[in-house]
Amino acid sequence: MERVVTVTVGETDVAYPFSVLAQVSVVNDTVAEQPIVVLYQPGTTSALDAPQIATSRDIGSAAVYDPTVDGQVLHFQVQGEWFVDEETGSQWNILGEAVTGPLAGKKLTPIIHGNHFWFSWVVFKPDTIIYGI
């Protein structure tokens, strides 16, 4: 019943477990020579864990982006409530938008990804690399 965010680049499939993302909040990675950043933020309640959403648990949300801005690959970390790139110190939100700093107004390019239960993904993609394992 593990939730994962999944990415396919070329012939390579990678799954990032929500349980790992909840611990690290940011994954700067490379998949098939493509730099990516996976951002995780708590605050999204599951609609599948309880009869009423109000009594369900917080599973968070994840998004995947190309971290390249103006030809420069950015590397992210979490500082307080923000994602901050190490190169300029700009603050970013989960939507991939720089809200303060030298890159304010810039947007990261989304990478197509899915939020799945692991069991439903692995049936179709059994050779998936699992991040963190």
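Structure first, text after, so check above.
Note that the coordinates shown come from a computational prediction; the quantities given were computed from them, not determined experimentally. Per chain, the residues get numbers from 1 upward, laid out in the order the sequence is written. Whole-chain, interface and lining totals are the exception, using all residues; otherwise, since this is a predicted model, local features are given only for residues with pLDDT of at least 70 and side-chain atom pairs are given and counted only at 80 or more. To get the side-chain values, all heavy atoms of the structure are used, and hydrogens and water are removed first.

1. Examining the pattern of salt bridges
Move 1: Salt bridges, as used here, are contacts in which a Lys or Arg side-chain nitrogen is within 4 Å of a carboxyl oxygen on Asp or Glu. One pass over the structure, following the stated rule, counts two salt bridges.
Move 2: A salt bridge links D13 to K125; its shortest N-O distance comes to 3.6 Å. In this pair, D13 is assigned in strand β2 (residues 12-17) and K125 in the loop between α2 (118-122) and β14 (129-130), connecting sequence segments 112 residues apart.
Move 3: With a 1.4 Å probe rolled over the protein chains alone, any residue whose accessible area is under 20% of its type maximum counts as buried; one over 50% counts as exposed, and the rest are partly exposed. You can call K125 partly exposed: its relative accessible area is 30%.
Move 4: For D70, the salt bridge identified is with K106, shortest N-O distance 3.1 Å. Placement of D70 in the loop between β6 (68-69) and β7 (72-73) and of K106 in the loop between β11 (98-100) and β12 (109-110) is noted, with a sequence separation of 36 residues between them.
Move 5: Here D70 falls in the exposed class, since its relative accessible area comes to 62%.
Move 6: Relative accessible area serves as the criterion here: at 31%, K106 is assigned to the partly exposed category. Helix and strand definitions follow DSSP, with helices as H or I runs of at least four residues and strands as E runs of at least two, each counted in order from the N terminus.

2. Focus: the sheet that holds strand β9 (residues 82-85)
Move 1: Spatial strand order, β8-β9-β10-β11: four strands in an open sheet with antiparallel pairing. Only two strands of the sheet have a single neighbouring strand rather than two, namely β8 (76-79) and β11.
Move 2: Both β9 and strand β10 (residues 91-92) contribute to a ladder of two bridges, which runs antiparallel. Across the sheet, residue V84 finds its bridge partner in β10, namely Q91. At least two bridges found by DSSP between two strands are what make those strands a pair.

3. Here's the deal with the side chain of T128
Move 1: By the element assignment, T128 lies in the loop between α2 and β14.
Move 2: The class of T128 is buried, set by a relative accessible area of 9%.
Move 3: Residues are treated as being in contact if the distance between any of their heavy atoms lies within 4.5 Å. Setting aside residues up to four positions removed in sequence, T128 forms contacts with D13, V14, A15, W118 and W121.

4. Section: the nonpolar core
Move 1: In this description, a nonpolar core means a group of buried Ala, Val, Leu, Ile, Met, Phe, Trp, Tyr and Cys residues linked to one another through side-chain atoms lying within 4.5 Å. Among the nonpolar cores identified, the biggest contains 15 residues, and V5, V7, Y16, L21, I36, V38 and V64 are the most heavily contacted of them.
Move 2: Going through the elements one at a time, β1 (3-9), β2, α1 (18-24), β3 (26-31), β4 (34-41) and β5 (61-66) are the ones with two or more residues in this core.
Move 3: Grouped together as the second largest cluster of nonpolar side chains are 14 residues, V26, Y65, F76 and A98 included.

5. Examining unusual backbone geometry
Move 1: We note that S25 has phi near 70°; this positive angle belongs to a residue other than glycine.
Move 2: Mapped onto the secondary structure, S25 falls in the loop between α1 and β3.
Move 3: Phi is positive for D70, close to 55°, though the residue is something other than glycine.

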